[in-house]
Every structure is written in C-alpha cells, then in structure tokens.
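If you want the building blocks of each chain, they are given just below.
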Amino acid sequence: MTRKYWYVALTIIAVFAILAGGRYVSHTPSTHGPIAAPDGTNGRNGRNGAFHMPTSADKVHMTVHLALPRDSPASPAVLVVRLDIRKGWHVNANPASLPFLIPTVEKVTIAGSPVALDIAYPRGRNSHIVLQGTAIRVYNNGTVLKASLSGQVLDRFKATGSLILRVAVQSCSDKGICLPPATLISSLPYHS
C-alpha cells in the first residue's frame, strides 16, 4: 500500500473504533501532563470498562490572546492563537497539501453567531512526508495563527463580553500515524 492509503486506513480504523465502542471517555485536556480520565486512571481502563481513545486533542493544545491596537484606533484587533503540539507530532497546514488531508481551521462565534475573520494561516514547513508525489506541509509546536477582527466584530465582542474560538486539527506523528481529528475550543472573555 502507498503511504496515502495507510493514512486513510488508519484514520478510518480510529474513527470506527470510537463510534463502535460507545463506551469511551471524552475530555478536553488543559495541560501537557499525563492525560487522566475522570476516574483518575490515565484513560487506560476506567469504571465500567471505559477507556480513553486518543484523539488529536491529546497532542495539540492552544494558547489564545487578543492583541488590541495601541497606536491607532483604526488598526484591527488581532486574535492570536499559538498551537502547542507535542514533540514528534504535527498538524496539517491550511490549505492542506492534498484534498483528503484535514487542514487546520480557525472559527469564531459571538453569542452563537459565526464571525467573518481575516485569518493569516502560515505556510507551514515541509514535513518530508511525501504522498502522491507531494511534500506535505505541516504546522509544528509554536505555530501562530493570527486573525484580524474588524471594528464591527470587536464592538460585538465588547458588547457580549466573550467569544468562542474553535480550531479544528488533525494531529499526525512525524512517522505518519494520524489520530482522529478534534476541535479545540476556548472561551475568550473581553478585557480592554
């Protein structure tokens, strides 16, 4: 099998395992320490036979802050997202190098309504993984995504006091093994 098909096959198997079991523990880890299920078992075997099926959220976390314009009120505010990715892992760049790869995508909602963003996705680095003759571009630990918030969006953010940021990722090891995709979620309060 070519590498492309191994990626696809492994992703399908992982997703099937999650859906077929129905007994898996779900959580959103907040640190880089050992991942613990609610029963404190590090997610291996828990109460009622439950265990944690690894997802991309186990390998990727994010740090978020809002950079407000200081010099010129006409300058846009910038939502800065730093991806904290475990050593030996990466996520696909946006745009993804091939149509079947899952890109990293940032979305924001305010009071439940989607917000249009001007997002500066970095180019990513060459992973040296080649599929279908294409070198795959990825984001590593410390990659920063910047999204400009228009004055209108910033006013909505101020008025409601918070926004919800969602970053969809699929983490893959540097050896080419991918985990099921996950959406990282952060609620950001407005602070002037």
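Cut-offs applied
Residues numbered from 1 in each chain as written. Predicted model: local features only at pLDDT ≥ 70, side-chain atom pairs only at ≥ 80, totals over all residues. Heavy atoms only, no water. Helix = DSSP H or I, 4+ residues; strand = E, 2+ residues; numbered from the N terminus. Buried < 20%, exposed > 50% of the residue type's maximum accessible area, 1.4 Å probe, protein only. Contact = heavy atoms within 4.5 Å. pLDDT = per-residue confidence, 0-100. Pairing = 2+ DSSP bridges. Axes fitted to C-alpha atoms, helices over the stretch in contact; angles between N-to-C directions. Polar contact = N/O pair within 3.5 Å; in protein donor to acceptor, adjacent residues only side chain to side chain. Core = buried A, V, L, I, M, F, W, Y, C linked by side-chain atoms within 4.5 Å. Disulfide = S-S within 2.5 Å. Salt bridge = Lys/Arg side-chain N within 4 Å of Asp/Glu carboxyl O.

Enquirer: Go over the overall build of the chain with me, naming the residues and quoting the values.
Expert: Across its full length, the chain carries two helices and twelve strands. When the helices and strands of the chain are read in sequence order from the N terminus, they spell out α-β-β-β-β-β-β-β-β-β-α-β-β-β. Buried residues in the chain amount to 40% of all 192 residues. Nonlocal contacts in the chain, meaning residues at least 24 apart in sequence, comprise 66% of its contacts between residues at least 6 apart.

Enquirer: Provide a residue-level description of the confidence of the model for the chain, including the pertinent values.
Expert: Summarising the model, the chain shows a mean pLDDT of 80, and 72% of its residues fall at 70 or more. Scored below 50 in pLDDT, residues 17-46 makes 49 contacts in the model with residues more than four places away or belonging to other chains.

Enquirer: Tell me about the sheet that holds strand 5 (residues 113-115), and name the residues and values.
Expert: Within a sheet, neighbouring strands are paired by backbone hydrogen bonds and run either parallel or antiparallel to one another. Reading across the sheet, the four strands line up as 5-4-10-12 and stay open at both edges, with antiparallel pairing between neighbours. Two strands in the sheet have a free side with no partner beyond their single neighbour: strand 5 and strand 12 (182-189). Across the sheet, the axes of successive neighbouring strands diverge by a mean angle of 30°, strand direction being ignored. Relative to strand 12, strand 10 (residues 162-169) runs antiparallel, the two being bridged by eight bridges. In the sheet register, serine 162 faces strand 12, and the bridge partner there is proline 189.

Enquirer: Describe the environment of threonine 109, with residues and values.
Expert: When you line up the elements, threonine 109 lands in strand 4 (residues 105-110). With 78 residues separating them in the primary sequence, threonine 109 and serine 187 have C-alpha atoms 9.8 Å apart. One polar contact links threonine 109 to arginine 166, side chain to side chain, over a distance of 3.4 Å.

Enquirer: Now, about the sheet that holds strand 7 (residues 125-131): what can you tell me, with residues and values included?
Expert: Spatially, four strands are ordered 7-8-3-11 in an open sheet, and the strand pairing comes out antiparallel. In the strand order of this sheet, the two ends are held by strand 7 and strand 11 (171-173), each with one partner. Sheet twist, expressed as the average angle between the axes of neighbouring strands with direction ignored, equals 55°.

Enquirer: For the nonpolar core, give the residues involved together with the corresponding values.
Expert: Note that soluble globular proteins tend to have their nonpolar side chains buried in a common cluster. Core analysis: the largest hydrophobic core is formed by 33 residues, its most contacted members being Met62, Leu66, Val81, Leu83, Phe157 and Leu165. When residues of this core are traced back to their parent elements, those giving at least two are strand 1 (60-67), strand 2 (77-85), strand 3 (89-92), strand 4, strand 9 (144-149), helix 2 (151-160), strand 10 and strand 12. Counting six residues, the second largest nonpolar core, distinct from the first, contains Leu98, Leu101, Ile129 and Leu131.

Enquirer: Give me the side chain of threonine 109: which residues, what numbers.
Expert: Judged by its relative accessible area of 18%, threonine 109 falls in the buried class. Among residues more than four places away in sequence, those in contact with threonine 109 are Pro114, Val115, Leu163, Ile164 and Arg166.

Enquirer: Would you mind going over the state of the cysteines in detail, with residue names and values included?
Expert: Counted under the stated rule, the structure contains one disulfide. Linked covalently through their sulfurs, cysteine 172 and cysteine 178 form a disulfide whose S-S length is 2.1 Å. Sign of the S-S torsion, about 100° for the bond between cysteine 172 and cysteine 178, identifies this disulfide as right-handed. Owing to a relative accessible area of 5%, cysteine 178 belongs among the buried residues under this scheme.

Enquirer: Provide a residue-level description of the pattern of salt bridges, including the pertinent values.
Expert: Applying the stated criterion across every chain yields a total of one salt bridge. Arginine 82 is the partner of aspartate 84 in a salt bridge, and the nearest nitrogen-oxygen pair spans 2.0 Å. We classify arginine 82 as partly exposed; its relative accessible area is 37%.

Enquirer: An account of the pairing of strand 9 is needed here, citing residue identities and associated values.
Expert: On a regular strand, each side chain points to the face opposite its neighbour's, so the side chains alternate between the two faces of the sheet. Residues Leu145, Ala147 and Leu149 point to one face of strand 9 and are all buried, whereas Val144, Lys146 and Ser148, pointing to the other face, are not buried. Pairing geometry for strand 2 and strand 9, over six bridges, is antiparallel. From the neighbouring strand, valine 78 faces strand 9, where its bridge partner is serine 148. Here three bridges tie strand 6 (residues 118-120) to strand 9, and the two strands are oriented antiparallel to one another. In the strand pairing of strand 9, isoleucine 119 is matched with alanine 147.

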